[in-house]
Amino acid sequence: MNNSLIITYSFVVVAAFCVVWTQASVVSTGDFNRDFFVTWSPSHVQTSADGTNRSLILDKDSGSGFASNDMFLFGQFDMQIKLVPGNSAGTVVAFYLTSNQPNRDEVDFEFLGNVAGQPYILQTNVYANGFDGREQRIRLWFDPTKDFHTYSVLWNLHQIVFMVDWVPIRTYRNHADKGVPYPRWQPMGLQMSIWNGESWATSGGKVKIDWAQAPFVASFRNHKIDACIWKGNPRFCRAQSPTNWWNKDSFTSLNWAQRRLFRWVRKYYLIYDYCQDNHRFNNTLPKECLLTKY
């Protein structure tokens with residue numbers, strides 16, 4: 001699939017989402033100061049005067065992070081991110097949803113830095129009821145340090161879809177009726193962070209952070225949270241309503257254009273999938289690995 005076809009299919013997907021956005025209730029303001037609070041090292045968090053751009057800094061003293069003021073149960077979460085340029089080996093930039101409970105649910109984007117000239121690796125993971133181990137890794141089809149790109153999570157009762165510039169790179173379906181854990185009861189908040197992951201992030205921890213390259217800076221802008229704010233009763237977030245567009249039948253699975261893009265990513269850019277790691281699981285793969293992806 002060439003770049004023009006990628007653009008065409010992505011346009012079809014974006015157009016479909018724009019239709020539902022006109023009916024939906026976006027709960028974020030676009031201002032980082034109003035929608036988020038700093039969770040870690042305020043001196044390492046820089047925000048533009050109008051609140052629309054934010055940077056996170058990692059140096060030898062500290063990493064940094066911020067989190068949404070609200071918790072949510074289902075919706076779509078978009079963030080434009082520009083990753084650390086140059087030698088970013090050992091650094092990790094994270095964009096994720098988490099319930100912050102002992103038996104937590106969590107949906108992760110983790111961007112694993114690399115030495116200069118080598119591509120970033122994007123790792124995704126899903127925690128359900130406190131258990132993870134569902135890692136997948138891809139290489140991106142562009143340089144994520146040159147410009148901002150949109151990273152998104154669609155989360156509803158039927159599926160979780162990880163997207164990069166509207167291209168679905170991964171799904172995790174609700175197969176709870178078949179005994180597979182699925183995040184569906186715990187509200188989650190949206191968090192971003194940059195931190196020292198040199199013990200594992202690059203070449204399995206063989207390549208460490210070169211602190212002479214610090215500070216390492218990741219930039220964020222144009223966030224959009226189109227989701228159900230948690231108010232203590234899940235039925236409001238599970239209900240069929242014009243604002244809960246993610247519960248509509250059209251979002252129970254990938255559409256035809258998304259499926260083609262999904263297969264393209266898996267064919268050309270997937271480098272690790274726990275569902276293909278028979279050695280790790282002693283030839284007994286997790287149950288969801290044998291079930292439909294969309």
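As annotated in an unreviewed UniProt entry, the protein carries the name Xyloglucan endotransglucosylase/hydrolase and comes from Sesamum alatum. What UniProt states about the protein under its Sequence similarities (unreviewed entry) heading is, verbatim, "Belongs to the glycosyl hydrolase 16 family. XTH group 1 subfamily." Listed in UniProt under the heading Function (unreviewed entry), the comment for the protein reads: "Catalyzes xyloglucan endohydrolysis (XEH) and/or endotransglycosylation (XET). Cleaves and religates xyloglucan polymers, an essential constituent of the primary cell wall, and thereby participates in cell wall construction of growing tissues."

> Hey, could you run me through the sheet that holds strand S3 (residues 53-58) in this one?
Strand pairing in a sheet relies on backbone hydrogen bonds, with the paired strands running either antiparallel or parallel. Pairing within the open sheet is antiparallel, and its seven strands lie in the order S2-S3-S14-S5-S10-S11-S12. A strand with exactly one partner marks an edge of an open sheet, and here the two such strands are strand S2 (45-47) and strand S12 (167-173). Ignoring strand direction, the axes of neighbouring strands in this sheet form an average angle of 20°. By the bridge criterion, eight bridges tie strand S5 (residues 72-82) to strand S14 (residues 216-229) in an arrangement that is antiparallel. Along S14, the bridge assignment pairs phenylalanine 72 with isoleucine 229. Packed onto the sheet, helix H4 (residues 256-268) meets strand S11 (159-164) and S12 and runs at close to 95° relative to S12.

> For this particular structure, what's the right way to read the nonpolar core?
Taken as a class, soluble globular proteins show a tendency for nonpolar side chains to be buried jointly. Counting residues in hydrophobic clusters, the biggest one holds 66 residues, and the most contacted among them are Phe95, Phe109, Phe111, Tyr151, Trp155, Met192 and Phe220. If near-sequence neighbours (up to four positions away) are discounted, phenylalanine 220 is found in contact with Phe32, Thr52, Asn53, Arg54, Leu56, Phe66, Met79, Gln80, Ile81, Val93, Phe148 and Met192.

> When you look at the pattern of salt bridges in this model, what are you seeing that I'm missing?
Pairing is possible between side chains that carry opposite charge, provided their charged atoms lie close to one another. Scanning all chains against the criterion turns up five salt bridges. Arginine 104 is paired through a salt bridge with glutamate 106; the nearest N and O atoms lie 2.8 Å apart. The salt bridge partner of arginine 134 is glutamate 288, with a shortest N-O separation of 3.1 Å. Within this pair, whereas arginine 134 is found in the loop between strand S8 (121-127) and strand S9 (136-139), its partner glutamate 288 is found in the segment after strand S15 (270-273), the two being separated by 154 residues in sequence. Each member of the pair, arginine 134 as well as glutamate 288, carries the same accessibility label: buried.

> Is there a simple way to explain the packing of aromatic side chains in this structure?
Within a pair of aromatic rings, the relevant descriptors are the distance that separates the centres and the angle that separates the planes. Counting across every chain of the model gives 22 aromatic pairs. Taken together, a centroid distance of 5.2 Å and an interplanar angle of 85° make the contact between phenylalanine 36 and phenylalanine 66 edge-to-face. Here phenylalanine 66 lies in strand S4 (residues 64-68) and phenylalanine 36 lies in strand S1 (residues 36-40), a separation of 30 residues in the sequence. Taken together, a centroid distance of 6.1 Å and an interplanar angle of 65° make the contact between tryptophan 211 and phenylalanine 216 edge-to-face.

> Even after reading the chapter, I still don't get the state of the cysteines, so can you show me in this structure?
Among covalent bonds in proteins, the disulfide is the one between the sulfur atoms of two cysteines. What the rule picks out here adds up to two disulfides. The partner cysteine of cysteine 228 in its disulfide is cysteine 237, sulfur to sulfur 2.1 Å. Across the S-S bond linking cysteine 228 and cysteine 237, the dihedral sits near -75°, which makes this disulfide left-handed. Here cysteine 228 and cysteine 237 have matching classes, each one buried. Covalently, cysteine 275 is tied to cysteine 289 through a disulfide, its sulfur atoms 2.0 Å apart. Taking the torsion about the S-S bond as the criterion, the cysteine 275 to cysteine 289 disulfide, at about -75°, is left-handed. Of this pair, cysteine 275 sits in the segment after S15 while cysteine 289 sits in the segment after S15, placing them 14 residues apart in sequence.

> Looking at this structure, how should I read the sheet that holds S4?
An order of S1-S4-S13-S6-S7-S8-S9-S15 is seen for the eight strands of this open sheet, with the pairing classed as antiparallel. Edge strands, defined here as strands with exactly one partner in the open sheet, are S1 and S15. The mean inter-strand angle of the sheet, taken between neighbouring strand axes irrespective of direction, is 15°. Strand direction decides the pairing type here: S8 and S9, joined by four bridges, are antiparallel. The residue of S9 that forms the bridge with threonine 124 is glutamine 136. Lying on the sheet, H4 is in contact with S9 and S15; it crosses S15 at an angle near 90°.

> Just checking my understanding: could you explain unusual backbone geometry for this structure?
What you tend to see is this: most non-glycine residues have negative phi, and most peptide bonds are trans. Here the residue pair alanine 214 and proline 215 is connected by a cis peptide bond, since its omega of 5° sits within 30 degrees of zero. Take proline 215: it is sitting in the loop between strand S13 (189-196) and S14. Positive phi is not limited to glycine here, since asparagine 100 has a value of about 55°. Within the secondary structure layout, asparagine 100 lies in the loop between strand S6 (91-98) and strand S7 (106-112). For asparagine 100, a relative accessible area of 54% gives the class exposed. Positive phi is not limited to glycine here, since tryptophan 166 has a value of about 75°.

Reading the values: rules and limits
- Residues numbered from 1 in each chain as written.
- Predicted model: local features only at pLDDT ≥ 70, side-chain atom pairs only at ≥ 80, totals over all residues.
- Heavy atoms only, no water.
- UniProt positions renumbered as here; feature names shortened; annotations may be inferred.
- Pairing = 2+ DSSP bridges.
- Helix = DSSP H or I, 4+ residues; strand = E, 2+ residues; numbered from the N terminus.
- Axes fitted to C-alpha atoms, helices over the stretch in contact; angles between N-to-C directions.
- Contact = heavy atoms within 4.5 Å.
- Core = buried A, V, L, I, M, F, W, Y, C linked by side-chain atoms within 4.5 Å.
- Buried < 20%, exposed > 50% of the residue type's maximum accessible area, 1.4 Å probe, protein only.
- Salt bridge = Lys/Arg side-chain N within 4 Å of Asp/Glu carboxyl O.
- Phe/Tyr/Trp six-rings, centres within 6.5 Å; stacked < 30°, edge-to-face > 60°.
- Disulfide = S-S within 2.5 Å.

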